[in-house]
Every structure is written in structure tokens, then in C-alpha cells.
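Given next are the chains, with one letter for each unit.
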Amino acid sequence: MANEREILTSLYYSLKGDDWSVRNHWCSVRPLNEWRFITINPEGDVTYLDLSMIGYNTRGEDDCDKPPRTISPSLGGLLFLEYLNLSEMKIVGEFPSCIYGLVNLDWVLLDNNKLTGQISGEIGRLTNLQYLRLNNNMLTGKLPEEIGLLTNLENMFFEYNMFTGKLPEEIGMLTRLENLELCNNKFTGTIPEEFGRLTNLIRFWASENELVSSASVNINTTLEVLSISENNLIGDLNIENLTKLKVIDFGNNRLTGTIPREIRNLTHLVYLFLQNNNNFHGIIPGEIGLLLNLELLDLSENYFTGKIPHQIGKLRRLERIILRKNALTGKIPQELGNIRGLQFLILDCNKLTGSVPLTLGNLANLHELSLYNNELVGYVPQMFKEITNHGTQLCYNDYFSFLIYNNHFSFPPRNNNHCETFPLGFDKLTDEMPQKAGKFPRNEIQQFADEFFKANGRLMDDMKVVLLQLRSEKGILLPKDTVLGVIAPYLGLNVLNRVPTVLLELQNKRGVKLTKDIILCVIVPFLT
């Protein structure tokens, strides 16, 4: 049998050691305890091998032009090895079967390589294993039942591979498991009831698979992170007993039912994701206002009804509120202005009414306010001028995005001091506005346009461009030469990529032909 010096030399060459950035004394006659990244025990046996930090000198060469890096089968001769880390070395080939004989291994890290093939049932021989990280490879096949023999395992990371089949119920035997990460694979079937035996589990990630279980799976009460988004989960949300949860992510599933009022028990909750393509309905319970540690609330794209609970204003740590695409009604609670650290308030595509509360002007850290497609009324909100006094720039720029179109806002009178500095909000125009067009001197239009597009530099990014791709439901087209003929003479600018979506709304929803006067009313509503 080869001695350990020969084994390490063989591994050196299979991993293209001549390209290592750091290789102190490897393949030299120096004692093994002087070779970098190696630890030996008093008997001279190698117990620790960590090559994850060696780095490679590529000298500008493409890895595709070089021989592949592989794991030498001789590695299986390091019988006293307890720690093995070959992460991020771009190793190719099938999962190394030589590892199965290293029964003293406590830690195995082979993540972020290009390993293929399946994990054999022989992995059950590694009964001392505490930490197993195989994520970010190209491993396939089913997980073997023998994985349940690894009863000392505390951390198992299998995410970002191509594993298939059902989750083995034998995982429920790993009662010391604290972290179980299985996301971004192709696992199917249900989450086994046996997972309820994982009494030490803290984090369970299984997002982006094809699981079909109910969200009421029996998972222990010690769990802090539960992420099963982007699967095919069905049923109601039954999480009220998981009182230690900090993260809930059930987004992009097919869940139904309501948010139970018992959610008030989850006082440690920091992130709540129930967004996108679920079928939740009913009201948003006011008990959410008791989750004082909450930083992110995303209930978007469901069927929630009723009012936005004013109790949310008590959640002073909130940074993001995302309630878009529901059927919420009533007024925007003025209490939201108490959440001084709020950065994103996304309430678009609901049925909200009333005016925008002035208290939102307190939100000096706000980056995005989205209110479009509601039934809000009153003047275009002016309180956001106060935000500029706190150092946050206004409107479409790198700091603040403000979307309010498709409401029933009106505009302040001409003599209002805010008018000249607040060119916002292209909403549902009244039928009378086209009649007022043409009354404005050309130089005044030019000056306004210059100020408008200077203040709204990101308009083309934050609102859908319409002029070059405009096609109404009635089949009316607006070719490039028409756009130039209508717009350019009045603005003297290339605005083809900077005209807001209200033009599209006028054509599509109201069947209005885009004449010169109407376009002027869209561009210069404050000059009325």
C-alpha cells in the first residue's frame, strides 16, 4: 500500500498542483507536517487536508484548454483522515468512491465543483460524519436510504445539484441535524412525516424543487428558517406552533386559506414571504402588528381583501412592505408613516381609495413608492418634497422611484409653489384636458420639458416605453415618423424613450386617438 507521502503526491498531480498559487513544500522531501494545508497526528498520520484556499495561477489560460482536475483514487489510502475540504477547485468527474472507505471522516466539503454521478449507499459507512457539504455540483439520482445511518450528522448541504426522486424518510433518523439544505434540485413527492423527528433542526431549505406536500407538515418547534418556496405545495398555512421561526418563505406555491390569527405567536419572525401565485384570501389579520421584529412583509399576488391593517404601523423595523396585486380596499393607513426605516412601500394593483396620507412624508429612507392601478383621489401627493430635504432625491433617479399612474389624482393649481418642482403623476386624464391644449406658449412648453426630463432621468427605465411599440386594442399604430412629427416640434428633444404609459392607457382603455393636443396634455399637465 502506498505511503501517505505518495498518496499526497498523486493527489497533487491529479489536482494540477503545479498551477497552485500556494504549495509550500508539497512534493518535497520535507516532513509532511511542513507541507501547507496538512495536519498530522502524533503518530504521523494525516488527519486534516484543506486545499480550498490554494488558488490557481491561470496565467490568462482558459480552463477548457487544460487537463481536468480530478481526485486521485489514492486519496482512499488516507485512512486516518478526519477533515477533507476540496471546495471550489473546479474538480470534474464522478463523485469519488474512494471517500466511502475513509470511515474516520468528520467533515467532508466538496462543494462548488463539477462533480457528477450519484451518491452510493456506501455513504452509510461514514458514521462519524458531522458535516457534509456537496452543494453546487452536478450530482444526480436519488438520495440513498443509507443516508439515515449518518446519525452524527449535524449539517447537510445538497442544494444546487440535480438530485431527483422522493426525499428518503430515513433522513428523519438524523436527530442531531441542525441544517438541512436541499433547494434547487428536482426532488418530488411529499415532505416525509418522519422529518418531524428532527428535534434539533434549525434551518430547512427546500425551495425550487417539485415537492407537492401540504404546508402543514409536522416539523419541530425549534425551527428558525423554513423555506419551501417555488414548489407545488397545497393546503392551508399551519405554522402557528413554530414560535421560534425567523424566516418563512412559502412564495410561488399553490397554498390556500387565510393567514391564521395565531401568527401573533411568531414573535421572532423577521421575514415573511407568502407572495406570487398562491391562493391566500381573506383579510390580513391585525395580529401581524405584534411581530415587532419583522423587517420584510411580502404578501403580493394573492387574493387578500379588506383594509391594510393600521397595526402594521407598529412594526418599526420594517424595511419592505409588498402588498401588490391583491384586492385590498380602504385607505392607506396613516400609521405607515411611523415606520421611519421603511425603504419600499409597494401597494399597486389593488382597490385602495382615499388620498395618500401626509404622514408618508416622514419616510425619509423611502426608495420606492408604488401606488399605481388603485382608486386613489386628491392632489398628486406633495408631501414628498419633504423627502428631498432629508437628502433623498425626488422621483425617477437612482434613489427614489414614485409610481402613481392609473388613479384619480388631480393636479395642484398653477400658483401652488410645489408645481414647478414636482412634475409627477400621469394619471387618468379628464376629457376636458385635451381642450386646454394649445394654449401654452411654445417656449413655456420647452422650458417645462427640459426641467421635466432633467428631474426624471430614469423615466425610461421605471415606466414602460410606449411610443415606438404602441399598439392599441383598436389596432391604432403610432409609427416613428408620426411620433417625431407630433412631439419633436414642441419639445425639441429626442423623447421617444421617455413618454409615460398614460399614452398607452389613453389609447387602450379609452379608445382615444393620440392627437397633438392630447399628447401635449400628457406632457404638460401642470401648465393648465
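Anyway, here's the lowdown on the structure attached to this text. (Residues numbered from 1 in each chain as written. Predicted model: local features only at pLDDT ≥ 70, side-chain atom pairs only at ≥ 80, totals over all residues. Heavy atoms only, no water.)

**Structural notes on the overall build of the protein**
Part 1 of the reasoning: A count of helical and extended segments in the protein gives 8 helices and 29 strands.
Part 2 of the reasoning: Each of the 528 residues in the protein was classed as buried or not, and the buried ones make up 52%.
Part 3 of the reasoning: Long-range pairs, those at least 24 residues apart, make up 53% of the contacts in the protein between residues at least 6 apart in sequence.
Part 4 of the reasoning: In the form shown here, the protein has an accessible surface area of approximately 23500 Å², with 47% of it arising from carbon and sulfur atoms. (Helix = DSSP H or I, 4+ residues; strand = E, 2+ residues; numbered from the N terminus. Buried < 20%, exposed > 50% of the residue type's maximum accessible area, 1.4 Å probe, protein only. Contact = heavy atoms within 4.5 Å. Areas by Shrake-Rupley, 256 points an atom, 1.4 Å probe, with all protein chains shown as cover.)

**Topic: helix α1 (residues 4-14)**
Part 1 of the reasoning: Looking only at α1, the buried set comprises Glu4, Ile7, Leu8, Leu11, Tyr12 and Ser14.
Part 2 of the reasoning: In this fold, the buried residues of α1 make contact with β1 (38-40) and β2 (46-50).
Part 3 of the reasoning: At the N-terminal end of α1, a side-chain oxygen is found 3.1 Å from the backbone nitrogen of Arg5, two or three residues along, and the residue is Asn3. (Polar contact = N/O pair within 3.5 Å; in protein donor to acceptor, adjacent residues only side chain to side chain.)

**Focus on the nonpolar core**
Part 1 of the reasoning: Judged by nonpolar contacts, the single largest core of 108 residues is most densely connected at Leu49, Leu51 and Phe204.
Part 2 of the reasoning: Counting residues per element, the ones that place at least two in this core are α1 and β2.
Part 3 of the reasoning: No other element matches the 4 residues that α1 contributes to this core. (Core = buried A, V, L, I, M, F, W, Y, C linked by side-chain atoms within 4.5 Å.)

**Digging into the environment of Leu352**
Part 1 of the reasoning: For Leu352, the position within the fold is in strand β25 (residues 351-354).
Part 2 of the reasoning: A residue is classified by how much of its surface remains accessible, and Leu352, at 0% relative accessible area, is buried.
Part 3 of the reasoning: C-alpha of Leu352 to C-alpha of Thr329: the two residues are 23 residues apart in sequence and 4.5 Å apart in space.
Part 4 of the reasoning: In contact with Leu352, other than residues within four places in its own chain, are Ile308, Leu328, Thr329, Gly330, Ile332, Leu347, Asn374, Glu375 and Leu376.

**Here we look at the sheet that holds strand β10 (residues 162-166)**
Part 1 of the reasoning: Here we have 4 strands laid out as an open sheet, ordered β8-β10-β12-β14, and parallel in their pairing. If you trace the sheet from one side to the other, it starts and ends with β8 (140-141) and β14 (210-211), each paired once. (Pairing = 2+ DSSP bridges.)

**Topic: the packing of aromatic side chains**
Part 1 of the reasoning: Taken as a whole and assessed by the stated rule, the structure comprises 15 aromatic pairs.
Part 2 of the reasoning: Aromatic pair Tyr12 and Tyr13: ring centres 5.1 Å apart, planes at 90°, arrangement edge-to-face.
Part 3 of the reasoning: Residue class for Tyr12 comes out buried when judged on its relative accessible area of 3%.
Part 4 of the reasoning: In textbook terms, an aromatic cluster arises when at least three aromatic residues are bridged by ring pairs, as seen for Tyr12, Tyr13, Trp20, Trp26 and Trp35.
Part 5 of the reasoning: Here the basic side chain of Arg133 rests over the ring of Phe157, its NZ or CZ set 4.0 Å away from the ring centre. (Phe/Tyr/Trp six-rings, centres within 6.5 Å; stacked < 30°, edge-to-face > 60°. Lys NZ or Arg CZ within 6 Å of the ring centre and 35° of its normal.)

**A look at the side chain of Asn135**
Part 1 of the reasoning: Looking at the secondary structure, you find Asn135 in the loop between β7 (131-133) and β8.
Part 2 of the reasoning: According to the relative accessible area criterion, Asn135 is buried, its value standing at 4%.
Part 3 of the reasoning: A polar atom in the side chain of Asn135 sits 2.8 Å from the side chain of Asn136.
Part 4 of the reasoning: Not counting residues up to four positions away in its chain, the partners in contact with Asn135 are Asp111, Asn112, Phe157, Phe158, Glu159, Tyr160 and Asn161.

Without other data, these values stay purely geometric and don't point to any function.
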